[in-house]
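# Structural overview for review
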Amino acid sequence: MNKSTAYALQVRPKIPARLARLEELSNNLWYSWDRPTRKLFARLHPGLWKATGHSPKAFLKRVDEQLLIDAANDQVFIGNFNRVLADYDTYHDYAMQSGGADWLGQNDLIAYFCAEFGFHESFPIYSGGLGILAGDHCKAASDLRLPFVGIGLLYRQGYFHQTIDGEGNQIASNTDSSFDDLPVSPAVRHDGTDAYISIDLPGRVVHIKIWQARVGHIMLYLLDTDLDANNLHDRDITHRLYGGDTLMRIEQEIVLGIGGVRAMQEIGLKPTVWHINEGHAAFMMLERMRQKTVQEDFDFASALEAVAVNTIFTTHTPVPAGHDHFGEGMIRSYFENYYPQLKVSHDQFMALGRSGNSPDFNMTALALRGSRFHNGVSRIHGDVSARICADMWPEIEPDENPMTYVTNGVHAPTFLAIEWIEVLERFLGSEWNSRMNDLKLWDGVENIPDHVFWSVHQTLKVKMLNAVSQRIKTQHFRNHGSEAHLDRLLKYVNPENPNILTVGFARRFATYKRATMLFSNLDWLREILHNPERPVVFIFAGKAHPADVPGQDLIRHITYISKMDEFTGKILIVEGYDLALSRKLVSGVDVWLNNPLYPLEASGTSGMKAGMNGCINLSVLDGWWGEGYDGKNGWAIKPVSETLSEEVRTHEENRTLYELLIDHVMPSYYAYGKMGFSPNWVKMAKRSMASIIPRFNSKRMVGEYLAKCYLPASRQHVLYAQNQYSNSRLLAVWKARVRQAWEGVTLSRNDPPVGQINFGDSLRFEVAVKLNGLAPEDVVVEILMGFNTEGLSSARHYRFESTGETRESGENIFVTELQPEQCGNLEYRIRVYPYHELITHPFELGMMRWL
C-alpha cells in the first residue's frame, strides 16, 4: 500500500439542552471532591471515562451523541443529574455564616502561590505531596468562602507517568496535555480580551498567557509560556513540572514569582495578603518591592517593610540542602536590571538571599527576609525549621524566633470514601461536614455499630483489591509474565477473600522515607510472612524523581525482594501511582505504614487520609504523627537517638516495627469474634477516624492560617499602608537606627542578687543599659522567671520600666518590682531587645542581649 497522509478530525457531540449544564460541571474543579458528579459522567460510558483519565471535559468532547440523547430521556439519569445540580447550586449559592471570611476586610484578597497544584488526576499539574496539599488548601478556602486566589504554572506535560519493568526499573514517560481537555479557560481583562503579560529575561522578553480554573468558589490562575511569540527555549519554561536544569528552574521561578504578581495586576486583582507555599515563588517579593520603588518612589528598606508585612512563607523542607539556591553569576545575569530599579547594589541584592557562609542566593533566605509570617507544617517540623533558619535571627533562641508551625491537613470530602460519608450522615447527622472541627461531635463514631463499621471497611477493601489486582495484571502481562505466575502474585490480594491483613506503603520514593526498611532482616520477615494462621500482604506504590537514582534503586530493591519465591504475592509493588490509586489505597488497606528517618518527615499527609477512612497507622513518631498519635488510634515507632548512625537507627527502628507487627498488629487483626471480625481492631479503627478527622482536615488548617497569618497580615497591611505607607517608612528608618547602634548596647546589674525570700515578698531589680544612642522606648528590658528558664516558653515575663535616670557613663536605669508567683527553686534571667509598636514579631530583628 502506498504511503498516505492521515488528517486529524475531531467530531464533537452536541449536548442536549436538557443536559447543557454538564459543561458547567466539567469546568469547575468542584468535581474533584464531589463523587456523585464524577459518577454522572462515568455511568454514561465507563470505558470512555477511564480512557479519558476521568476528565469530564475530555469525556464530553468524545462521548457518542446518541448516549447523551438517551441520557436526556432516561429518568434515572435525569434524577441523578438534578440531584448533582441541586448540590452544586446549594454549595455555590449558600453563604456560610461563620466560615471565617467575615473576619477579613471587605477589600481583602489572599493570593496563594505554589509551583504545583494537585486537585485530581484529570488535571496533571502536580507531582506529589506539595501540590496535593496546595490543592486541598484551595478546596478548603472555597469551603470557607475566603476571598482567595491561587497562582501557579500551567504545565503542558505536568509530572511523568510511571511504569515499572520486570527488573524493577522505573520507566518515565511524558504526555503533552491538550488544554482543551483541561478544566481551564483563558483569563480575560476587564475589556473581555484574553490576558497576557511579559517578563524580561537576559536579552529577551518572554510573553505569558494567563489561564484560569474555577475551584468551587475560588479561582486559580495559571501562567503559560508555550506561545508562538516566544522562542523554543522560552516556550519550554512551563512545559514540564520539575524538569530541566538549574537554568530552567530559575526561569520557572521567575515566571511564577514575578509573572504571578504582574498577572494579578493584569486581571485587575489587588491582593492584600500574599502567601507563598515553599520558596519557589519568592521572587514575587522582589517584583512587589520593585513596583514600590519605581512607581511610588519608595527607598528599598521602606519597600521591603511594606511588602514583607503582609506576606506569609510556608516551608516544607526539613533539611538545609533541600532549599533552592542559585549561583551569584546566574543571579547577576537574571537580575542586574533590577538593581537600579530597587535602588540597591549587587552586594545588597545578594544579601537578600544570603544564608550562612554560602556564596549562593538562597530562595528560603529571600522568602524569610521578604515575609513577616513564617511557618513549618507540623509541630516537629516547626522546631526543625526554627533551628535550620536560626541564622536569620542570630541572637534569638530557636524556641523564640519567628518561625512557627501550622500542621497540614487534608480535604476530607476529597479523600473520605463516599461510603463513609453516607455512614457519617446517618450516625452523626447531615451537619457533620460543617462541624468537622468539633471534637465532641466525633465521639459519635462510637455509636456506629461494629458490624456496620467493619462492613464498610471490607467493601472499600474489595474495591482497593480490585484496583490493585487490575494494575498488577496489566503490569505483569506487559512485562511478559505468565498466566500461572499471575495467580501466585494475586493470591493474597483476591477481592473474593478480603480477610487477609493488608499493609499499604505509598508515597514518593525518597531515601529518607526508608521504603525498604521492612527488608532489613529477611529471616525475621520470613517468620512474619510465613504464618499460615495470620497471613500478611504488603502493597508498595510510589514514584521516584527521574533524576533521583537512589530513589529508583529503592523501587528496584522492592521488586527484587517481591520476586523471591518466599515473598511472591506477599510483597507487591504497583506502578502508576496517582491520585486515583491513592484514594483507593488510603480507604482500603488495613494498616498504613510510614517509617521515615526522624526528623526528616516535614508533615506527611497520606497517613491522615488513611486514618480518616478507618485505616490504622503504624508510623515513626515524626511529622504529623508526632501530634496525631494518642496511644489508642494506632501504633508508634519511637525514633532512637539522632546521635547514632543512620544504619544503627534503621536497625533499631526496624526491630520495633517487626515487634509491633508480631506482638500487636497481627494478633489484634486476627482476634476474630463471633461476628467474624476483631472487636478490638474495630475499636482502634473507630478511634483512628474519630481522632484524626477533626484535627487533621484542611478546613482546620486553613482556619488556623486565617487566625495566625491571614488576619494579622491584613491588619498589619492596613496599619503600614496608612498615609501613603508612612508607617512602613517610619519603621524602616527605626530599624536602620537600631542596627547601627545595637553592637554598642550592653546590659549590667545595679543591685546585689537575693538568694532566698518568703512567698509573697517583693523583689526589686535594677539594671543599667548602655543604649548607644537609642532611646529607652526603643527597647524592652525584661526578666524571665520560672523553674527552668532554659525552655523560655515556660518562663514568666516581667518588664522593667525606665526611671528616666542615667549614670555618668551614660547608661539608662531600668527597674522592676515583682512578687514571684511560684514556690520552689526558681531561676531568672534578664535581657534587653529592640522593640517598636509597629513590628509584627517582637524578635524579627534577631537582636538580643542577655545579662
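Residues numbered from 1 in each chain as written. Predicted model: local features only at pLDDT ≥ 70, side-chain atom pairs only at ≥ 80, totals over all residues. Heavy atoms only, no water.

## Notes on unusual backbone geometry
The omega torsion across Tyr598 and Pro599 is 0 degrees, close enough to zero to call that bond cis. One non-glycine residue with positive phi stands out, namely Lys343, at about 65 degrees. With respect to the helices, strands and loops of the structure, Lys343 is situated in the loop between helix 13 (338-342) and helix 14 (346-352). With a relative accessible area of 41%, Lys343 lands in the partly exposed category. Of note, the phi angle at Asn772 is positive, near 55 degrees, even though the residue is not glycine. Of note, Asn772 is situated in the loop between strand 22 (763-770) and strand 23 (779-786). Taking the relative accessible area as the measure of exposure, Asn772 reaches 38% and is therefore partly exposed. (Helix = DSSP H or I, 4+ residues; strand = E, 2+ residues; numbered from the N terminus. Buried < 20%, exposed > 50% of the residue type's maximum accessible area, 1.4 Å probe, protein only.)

## Overview of the sheet that holds strand 26 (residues 812-818)
Pairing is antiparallel across the open sheet formed by four strands, whose spatial order is 21-22-26-25. Strands at the two margins of the open sheet, each flanked by one partner only, are strand 21 (746-749) and strand 25 (801-806). Between one strand and the next, the sheet's axes are offset by a mean angle of 30 degrees, whatever the strand orientation. Pairing analysis gives four bridges linking strand 21 to strand 22, with the strands arranged antiparallel. Looking at the pairing, Leu747 lines up with Val769 of strand 22. (Pairing = 2+ DSSP bridges. Axes fitted to C-alpha atoms, helices over the stretch in contact; angles between N-to-C directions.)

## Let's talk about helix 12 (residues 328-335)
Along helix 12, the positions that sit buried rather than exposed are Ile331, Tyr334 and Phe335. Relative to the axis of helix 12, the buried residues are bounded by an arc of 80 degrees and lie together on one face. (Arc of directions from axis to C-beta.)

## Description of empty space enclosed by the protein
Evaluation of the coordinates by the stated rule reveals four cavities of 30 Å³ or more. Here the largest cavity defines a volume of roughly 50 Å³. Lining the largest cavity, in full, are Ala115, Leu153, Tyr155, Tyr242, Arg249, Gln252, Glu253, Leu256 and His280. In terms of residue class, the lining of the largest cavity is made up of five nonpolar, two polar and two charged. When its volume is computed, the second largest cavity comes out at roughly 40 Å³. In terms of lining, the second largest cavity is formed by Phe453, Trp454, His457, Asp590, Gly614, Cys615, Trp681, Val682 and Ala685. Looking at the lining of the second largest cavity residue by residue, the class counts come to six nonpolar, two polar and one charged. (1 Å grid on protein atoms, 1.4 Å probe; cavity = no way out; pocket = protein on both sides within 12 Å on 5 of 7 lines; lining within 4 Å. Points joined across faces, edges and corners; volume = space filled by probe spheres on them. Nonpolar A, V, L, I, M, F, W, Y, C, P; charged D, E, K, R; others polar.)

## Some details on the side chain of His374
If you trace the backbone, His374 turns up in strand 13 (residues 373-376). Those residues in contact with His374 that lie beyond four places of it in its chain are Phe313, Leu368, Trp393, Pro402, Met403 and Thr404. (Contact = heavy atoms within 4.5 Å.)

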